[in-house]
Amino acid sequence: LIKGYADELNSGFVNDAESRKTYLEIISEESTKLNRLLNEMLDLSRLESGRMEINREPIRINELVMSFIEKYSGFIKERKLDVQLDLGEECTCIHDAMRVEQIMANYFSNAAKYSDERKKIIISTKTIEENVRISIFNHGENIEEEALKRIWDGFYKASNSGLNDSDSYGLGLSIVKAIQTLAGQSYGAVNHDEGVEFWFDAGLDI
């Protein structure tokens, strides 16, 4: 796609300014997608090969969630998302703060992408035994049970109606899997009556 549009521009076949602008916008957009794909592949490779370490540090989890929401305020406003918080008692967990945000960003962008017309997303935290569980739920279609087992594999994309997305390369959830495996923590996805919940754990600082 990038080469095709670039070749047409270089050949001089595109004469009007509006068409040139459109071609350049497409080239820029596709270059951004390609850059993201390459970065995700490199990130996944480093995680799976053990060449990237988890920086274990104390994290005030509810504080991190609130900071995350603040950072994404523009994204939320632009997409008119109804984001609700269901936070448990504040506690400190041990994980890599940057990686926790990376997981949340992946879950959150998917929730925004696949939510129904209500655009309702619920972020929750709760203590389960010696872990804190962070969950992001979106109202929308369920994921087929067979697909739930495979969405963590690289480049896998569920074929449910309404889930087609040309921007998705199927690497985000495999990166979540690699991070949590390296951290020795659990992760998962669960269908509920009105939507899907994605979750991951971080160990309590006991």
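Let me begin by describing the structure that accompanies this report. Since this is a predicted model, take the numbers as computed values, not measurements.

Notes on a nonpolar patch on the surface
A cluster of nonpolar residues, Leu-34, Leu-38 and Met-41, forms a patch on the protein surface that exposes about 260 Å² of accessible area. Along the chain, Leu-34 falls in helix α2 (residues 17–48). Among the residues examined, Leu-34 registers a relative accessible area of 41% and is labelled partly exposed.

Some remarks on the environment of Glu-29
For Glu-29, the position within the fold is in helix α2. Considering only alpha carbons, one finds Glu-29 and Ile-128, 99 residues apart in sequence, at a separation of 42 Å.

Overview of the pairing of strand β5 (residues 131–139)
By the criterion of burial, β5 is predominantly enclosed, with eight of the nine residues buried. Looking at chain direction, strand β4 (residues 120–128) and β5 are connected through eight bridges and run antiparallel. Note on β5: the bridge partner recorded for Ser-124 is Ser-135. Linking two consecutive strands that pair antiparallel, namely β4 and β5, is a turn of two residues; a positive phi of about 55° is found at Glu-129 within it. For β5 and strand β7 (residues 195–204), the ladder comprises nine bridges, and the chain directions are antiparallel. The partner of Phe-137 across the bridge, within β7, is Glu-197.

Some thoughts on the side chain of Asn-191
Relative to the helices and strands, Asn-191 is located in strand β6 (residues 187–192). On the basis of relative accessible area, Asn-191 is assigned to the buried category, the value being 18%. Engagement of the side chain of Asn-191 in a polar contact is seen with the backbone oxygen of Ile-143, the distance being 2.6 Å. Reaching out from Asn-191, the side chain makes a polar contact with the side chain of Glu-145 at a distance of 3.1 Å. With sequence-adjacent residues up to four places away left out, Asn-191 is seen in contact with Asn-142, Ile-143, Glu-145, Leu-148 and Val-196.

Section: the nonpolar core
In terms of nonpolar packing, the biggest core is built from 45 residues, with Ile-61, Met-104, Tyr-107, Phe-108, Trp-152 and Phe-198 touching the most fellow members. Breaking this core down by element, the ones donating at least two residues are α2, α3 (61–71), α5 (97–114), β4, β5, α6 (145–150), α7 (172–183) and β7. If near-sequence neighbours (up to four positions away) are discounted, Ile-61 is found in contact with Glu-90, Cys-91, Cys-93, Val-100, Thr-125, Val-132 and Ile-134.

Notes on the packing of aromatic side chains
Counted according to the given criterion, the structure contains 10 aromatic pairs. Aromatic pair Phe-68 and Phe-108: ring centres 5.7 Å apart, planes at 90°, arrangement edge-to-face. Residue Phe-68 is found in helix α3, and its partner Phe-108 is found in helix α5; the two are separated by 40 residues along the sequence. Side by side, Phe-68 and Phe-108 carry an identical accessibility label, which is buried. The interplanar angle of 45° and the centroid separation of 5.3 Å between the aromatic rings of Tyr-107 and Phe-198 together place this pair among those described as tilted. Of the two residues, Tyr-107 sits in helix α5 while Phe-198 sits in strand β7, which places them 91 residues apart along the sequence.

Brief notes about the side chain of Glu-197
Here Glu-197 lies in strand β7. No salt bridge is formed by the buried Glu-197. Its closest oppositely charged neighbour is Lys-126, at 5.5 Å. A distance of 2.7 Å separates polar atoms of two side chains, one belonging to Glu-197 and the other to Ser-135. Within the structure, the side chain of Glu-197 is placed 2.7 Å from the side chain of His-192, a separation counted as a polar contact. Every residue in contact with Glu-197, bar those within four places of it in the chain, is listed here: Ser-135, Ile-136, Phe-137, Gly-188, Ala-189, Val-190 and His-192.

Considerations on the packing of α3 against α5
For any two helices packed against each other, the geometry comes down to the angle between their axes and how far apart the axes lie. At a closest axis distance of 11 Å, the pairing of α3 and α5 adopts a crossing angle of 55°. Comparing the axis directions of α3 and α5 gives the class oblique. The chirality of how α3 crosses α5 is right-handed. Of α5, the residues touching α3 (which contributes Ile-61, Leu-64, Val-65, Phe-68 and Lys-71) are Ala-97, Val-100, Glu-101, Met-104, Ala-105 and Phe-108. Looking at side-chain class alone, the contact of α3 with α5 contains nine nonpolar, no polar and two charged residues.

Conventions and cut-offs
Residues numbered from 1 in each chain as written. Predicted model: local features only at pLDDT ≥ 70, side-chain atom pairs only at ≥ 80, totals over all residues. Heavy atoms only, no water. Patch = residues over 30% accessible without salt bridge, like charges linked within 9 Å, V, L, I, M, F, W, Y side chains within 5 Å. Areas by Shrake-Rupley, 256 points an atom, 1.4 Å probe, with all protein chains shown as cover. Salt bridge = Lys/Arg side-chain N within 4 Å of Asp/Glu carboxyl O. Helix = DSSP H or I, 4+ residues; strand = E, 2+ residues; numbered from the N terminus. Buried < 20%, exposed > 50% of the residue type's maximum accessible area, 1.4 Å probe, protein only. Pairing = 2+ DSSP bridges. Polar contact = N/O pair within 3.5 Å; in protein donor to acceptor, adjacent residues only side chain to side chain. Contact = heavy atoms within 4.5 Å. Core = buried A, V, L, I, M, F, W, Y, C linked by side-chain atoms within 4.5 Å. Phe/Tyr/Trp six-rings, centres within 6.5 Å; stacked < 30°, edge-to-face > 60°. Lys, Arg positive; Asp, Glu negative; His and termini not counted. Axes fitted to C-alpha atoms, helices over the stretch in contact; angles between N-to-C directions. Parallel < 35°, antiparallel > 145°, perpendicular 65-115°, else oblique. Left-handed = near helix turned anticlockwise from the far one by under 90°. Nonpolar A, V, L, I, M, F, W, Y, C, P; charged D, E, K, R; others polar.

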